[in-house]
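# Survey of secondary and tertiary structure
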Amino acid sequence: MRIGEAAAAAGTTPRALRLYEARGLIRPPPRTSSGQREYGSAEIARVRVIRSLLALGLTLEDLRRRTHRLDLLVQDQPSASCAQRPGEFSDVVADRLATLDAEIARLTRLRQSLAAAAGGTPCDPDSPTGV
């Protein structure tokens, strides 16, 4: 199938498919005689795994570093669970969790500072000062 059909089947856009190809997450598909990309079911399955991992909070760079392991998750479709493959992504997941924890802590401190600056009262949009 051509790129538009493949993107629709994988739940993404043609632009995303080209990006995944440029980043090395999917292999360049064969081309027709007119130069158009031709995707098969294996590529669609891989893109679905990529999309599910991105939705979990992993980044393109996280996935790029583990490109060689994506096929193992594709074989486990439809679940594509990292938990079913201990060790395959555990270091990437641990790093991403640490990053998320740090961001949550930063946002919590920011919220506390803002609440303290506002006098601990909820914002009142009708107030001339907004607090």
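Description of the structure in this document. (Residues numbered from 1 in each chain as written. Predicted model: local features only at pLDDT ≥ 70, side-chain atom pairs only at ≥ 80, totals over all residues. Heavy atoms only, no water.)

## A few points about the pattern of salt bridges
Taken as a whole and judged by the stated rule, the model has 6 salt bridges. Between R37 and E21 there is a salt bridge whose closest N-O contact spans 2.8 Å. Residue R37 is located in the loop between α2 (14-22) and α3 (41-55), and its partner E21 is located in helix α2; the two are separated by 16 residues in the primary sequence. For R37, a relative accessible area of 18% puts it in the buried group. (Salt bridge = Lys/Arg side-chain N within 4 Å of Asp/Glu carboxyl O. Helix = DSSP H or I, 4+ residues; strand = E, 2+ residues; numbered from the N terminus. Buried < 20%, exposed > 50% of the residue type's maximum accessible area, 1.4 Å probe, protein only.)

## Side note on the nonpolar core
Counting 23 residues, the largest nonpolar core has L17 and Y20 as its most contacted members. For this core, the secondary structure elements donating two or more residues are α1 (3-10), α2, α3, α4 (60-64) and α5 (67-75). Broken down by element, the residue count for this core peaks at 6 residues, all from α3. Those residues in contact with Y20, other than ones at most four positions away along the chain, are T12, L25, I26, V47, I50, R51, L54 and L60. (Core = buried A, V, L, I, M, F, W, Y, C linked by side-chain atoms within 4.5 Å. Contact = heavy atoms within 4.5 Å.)

## Some remarks on the environment of A8
Looking at the element boundaries, A8 is found in helix α1. The exposed category is assigned to A8, whose relative accessible area is 58%. For A8 and I44, which are 36 residues apart along the polypeptide, the C-alpha to C-alpha distance reads 9.6 Å.

## Looking at the side chain of E21
Residue classification places E21 among the buried residues on the basis of a relative accessible area of 16%. With near-sequence residues (within four places) excluded, E21 lies in contact with I26, P28, P29, R31, R37 and Y39.

## Side note on the environment of D62
Along the chain, D62 falls in helix α4. On the basis of relative accessible area, D62 is assigned to the buried category, the value being 5%. Considered as a pair, D62 and V92 are 30 residues apart in the sequence and their alpha carbons are 6.3 Å apart. Once residues lying within four places of it in the same chain are set aside, the contact partners of D62 are V92 and R96. Of the polar contacts made by the side chain of D62, one reaches the side chain of R96; its length is 3.0 Å. (Polar contact = N/O pair within 3.5 Å; in protein donor to acceptor, adjacent residues only side chain to side chain.)

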